[in-house]
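# Overview (structure and organization)
Next come the chains, spelled out residue by residue.
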Amino acid sequence: MPVPQLTEAEREGVLASLPEWTLRADSLAIEREFKFRTFSEAWAFMARVALLAEKQDHHPEWSNVYNRVAITLTTHDAGGLSERDSKLARAIDKLLA
Ligand code: HBI
């Protein structure tokens, strides 16, 4: 299903509202690294993010090394950043609040 890519102005607004996330060099994704005390805490976080992703039908590109989780959000259907990425990023940040 086609999804509109964010304009440059919309991207700037998204980044301003998500100060913990950074724009990937190609401007097509946002990224954030998370560090936990243990692998178990990292894994529990990933399980919660997975449920969010399923609920939103929007899935992260991510990696986990022991207590660290790196998440990249981009919208394949848009060929770049869309409002789906900012929505999921906000929901992920709320898990840590
Ligand atoms: N997740 N990141 C990302 N990007 C997508 O375009 C996407 C997705 N999850 C599911 C999804 N698209 C569905 O809309 C399509 O697989 C049908």
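Refer to the structure presented above.
This section reports on the structure supplied with the text. Bear in mind the structure is a predicted one, so any value in this text is a computation, not a measurement.

## A few points about helix H2 (residues 39-56)
The end-to-end C-alpha distance of H2 is 25 Å, a good match for the 26 Å that 18 residues give at a rise of 1.5 Å each. For H2, the complete set of buried residues consists of Ala42, Phe45, Met46, Val49, Leu52, Ala53 and Gln56. On an axial view of H2, the arc spanned by its buried residues comes to 120 degrees, and they lie on one face. Facing away from the buried surface of H2 by more than 90 degrees, the exposed residues are Ser40, Trp43, Leu51, Glu54 and Lys55. Where H2 is buried, its residues touch strand S2 (30-35), strand S3 (61-65), strand S4 (68-73) and helix H3 (83-96). Positive phi appears at Asp57, one or two residues downstream of H2, with a value of about 50 degrees.

## What to know about the sheet that holds strand S1 (residues 22-23)
Strand order in the open sheet made by the 4 strands is S1-S2-S4-S3, with antiparallel pairing throughout. Edge strands, defined here as strands with exactly one partner in the open sheet, are S1 and S3. With 5 bridges joining them, S3 and S4 adopt antiparallel strand pairing. In the strand pairing of S4, Asn64 is matched with Val69. Contacts from H3 reach S2 and S4, with the element oriented near 15 degrees to S2.

## Observations concerning the packing of aromatic side chains
A full pass over the atoms with the stated rule returns 4 aromatic pairs. On the basis of an interplanar angle of 40 degrees and a centroid distance of 4.9 Å, the ring pair of Phe36 and Phe45 is categorised as tilted. With respect to burial, Phe36 and Phe45 carry one shared label: buried. Where Phe39 meets Trp43, the ring centres are 6.3 Å apart and the plane angle is 20 degrees; that geometry is what we call stacked. On the criterion of helical spacing, the pair formed by Phe39 and Trp43 is a turn pair, its members being 4 residues apart in helix H2. Look at Phe39 and you get partly exposed, because its relative accessible area is 38%.

## A closer look at the site of the ligand
By nearness alone, every residue bordering the ligand is listed as Asp57, His58, His59, Thr74, Thr75, His76, Asp77 and Arg84. One of the backbone nitrogen or oxygen atoms of Thr74 is found 2.8 Å away from a nitrogen atom of the ligand. Asp77 places a polar main-chain atom, nitrogen or oxygen, 2.9 Å from an oxygen atom of the ligand. Compared with its free state, where it exposes 390 Å², the ligand has 71% of that area covered by protein.

## Quick word on the pairing of S2
Each regular strand displays side chains that alternate between the two surfaces of the sheet. What you see with S2 is a clean split: Ile30, Arg32 and Phe34 sit on the buried side and Glu31, Glu33 and Lys35 on the side with no burial. In textbook terms, the turn of a hairpin is the stretch between consecutive antiparallel strands, and for S1 and S2 this stretch comprises 6 residues, one of which, Ser27, has a positive phi near 65 degrees. For S2 and S4, the ladder comprises 6 bridges, and the chain directions are antiparallel. Bridged to Glu33 within S4 is Ala70.

The rules we used
Throughout, a residue's number is its position along its own chain's written sequence, starting from 1. With pLDDT at 70 or above as the cut-off, local features in this predicted model cover only qualifying residues; side-chain atom pairs require 80 or more to be listed or tallied, and sums for whole chains, interfaces and linings still use all residues. Side-chain numbers here rest on the full set of heavy atoms in the structure, without hydrogens or water. A run of H or I in DSSP counts as a helix once it spans at least four residues, and a run of E counts as a strand once it spans at least two, with each numbered from the N terminus. Each residue after the first adds 1.5 Å to the expected span of a helix. Think of it in three bands: residues with accessible area under 20% of the maximum for their type are buried, residues over 50% are exposed, and the middle band is partly exposed, with areas taken using a 1.4 Å probe on protein chains only. The directions considered for the arc are those from the helix axis to the C-beta atoms. The contact rule is simple, with two residues in contact once any of their heavy atoms fall within 4.5 Å. In this analysis, strands are considered paired if DSSP registers two or more bridges between them. Axes here mean lines fitted to C-alpha atoms, for a helix over just the part in contact, with angles spanning 0 to 180 degrees between N-to-C directions. Classification of ring pairs rests on two measures: the distance between centres of Phe, Tyr or Trp rings, Trp counted by its six-membered ring, which must be within 6.5 Å, and the angle between planes, read as stacked under 30 degrees, edge-to-face over 60 and tilted in between. In these notes, residues near a molecule or strand are those with any non-hydrogen atom within 4 Å of it. Two N or O atoms form a polar contact when they lie within 3.5 Å of each other; inside protein one atom must be a possible hydrogen donor and the other a possible acceptor, and for residues adjacent in sequence the pair counts only when both atoms belong to side chains. Each accessible area value is a Shrake-Rupley result obtained with a 1.4 Å probe; residue values ignore everything except the protein chains displayed when judging cover.

Any link to function would need more than the numbers given here.
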